[in-house]
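If you want the building blocks of each chain, they are given just below.
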Amino acid sequence: MSGTFSWSHLLIIALLFVVLFGAKRLPDAARGLGRSLRIFKSEVSQMQNEASPAAGAAPAQQPAQQLPPAQPSNQATTPQTETKSV
């Protein structure tokens, strides 16, 4: 077996779909799948169109304002308790 489907395999798979889902639901399922694929393709192309111009115009934003360095505090962050030995 070469690992490819022959026409008899595809016919059996098609018959299984008709038996499992019914003849009335298959057109609706195919229509929904087509709509989903169209939406997916348009979103992918929109993402590619947005990514292309952004690569050409690199630093269009203002540089971020730098914060002053943190100053060390003299207080301990955890209170220390003394233990008495008995």
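In the block above lies the structure referred to throughout.
Quick caveat: nothing in here was measured; it's all calculated off a predicted structure.

## Notes on the overall build of the protein
Part 1: When helices and strands are counted, the protein shows two helices and zero strands.
Part 2: Within the protein, buried positions represent 0% of all 86 residues.
Part 3: In the form shown here, the protein has an accessible surface area of approximately 9,100 Å², with 61% of it arising from carbon and sulfur atoms.

## Points about the packing of aromatic side chains
The geometry of an aromatic ring pair comes down to the distance between the two centres and the angle between the two planes.
Part 1: Counted under the stated rule, the structure contains one aromatic pair.
Part 2: Note on Phe17 and Phe21: the rings are 5.8 Å apart at their centroids and 20 degrees apart in plane angle, and the pair reads as stacked. Separated by four residues within a single helix, Phe17 and Phe21 lie in helix 1 (residues 7-21), roughly one turn from each other.

## Considerations on a nonpolar patch on the surface
Part 1: Among the surface-exposed residues, Phe5, Leu10, Ile12, Ile13, Leu16, Phe17, Leu20 and Phe21 lie close enough to one another that they form a single nonpolar patch of about 840 Å² accessible area.
Part 2: Looking at the element boundaries, Leu16 is found in helix 1.
Part 3: Owing to a relative accessible area of 48%, Leu16 belongs among the partly exposed residues under this scheme.

## A word on the environment of Ser6
Part 1: Mapped onto the secondary structure, Ser6 falls in the segment before helix 1.
Part 2: Here the side chain of Ser6 touches Ser8 through a polar contact of 2.9 Å, side chain to side chain.
Part 3: A distance of 3.1 Å separates the side chain of Ser6 from the side chain of His9, its partner in a polar contact.

## Quick look at the pattern of salt bridges
Part 1: With the rule as written, the count across this model stands at one salt bridge.
Part 2: The salt bridge involving Asp28 is made with Arg31; its shortest N-O contact spans 2.8 Å. One end of the pair is Asp28 and the other is Arg31, both in helix 2 (residues 25-56) and three residues apart, which spans about a single turn.
Part 3: We classify Asp28 as partly exposed; its relative accessible area is 47%.

## Section: helix 1
Part 1: In a regular helix each residue adds 1.5 Å, so 15 residues correspond to 21 Å; helix 1 covers 21 Å between its end C-alpha atoms and thus fits that length.
Part 2: With its phi angle positive at about 85 degrees, Gly22 sits one or two positions after the end of helix 1.

Criteria and cut-off values
Residues numbered from 1 in each chain as written. Predicted model: local features only at pLDDT ≥ 70, side-chain atom pairs only at ≥ 80, totals over all residues. Heavy atoms only, no water. Helix = DSSP H or I, 4+ residues; strand = E, 2+ residues; numbered from the N terminus. Buried < 20%, exposed > 50% of the residue type's maximum accessible area, 1.4 Å probe, protein only. Areas by Shrake-Rupley, 256 points an atom, 1.4 Å probe, with all protein chains shown as cover. Phe/Tyr/Trp six-rings, centres within 6.5 Å; stacked < 30°, edge-to-face > 60°. Patch = residues over 30% accessible without salt bridge, like charges linked within 9 Å, V, L, I, M, F, W, Y side chains within 5 Å. Salt bridge = Lys/Arg side-chain N within 4 Å of Asp/Glu carboxyl O. Polar contact = N/O pair within 3.5 Å; in protein donor to acceptor, adjacent residues only side chain to side chain. Expected span 1.5 Å × (residues − 1).

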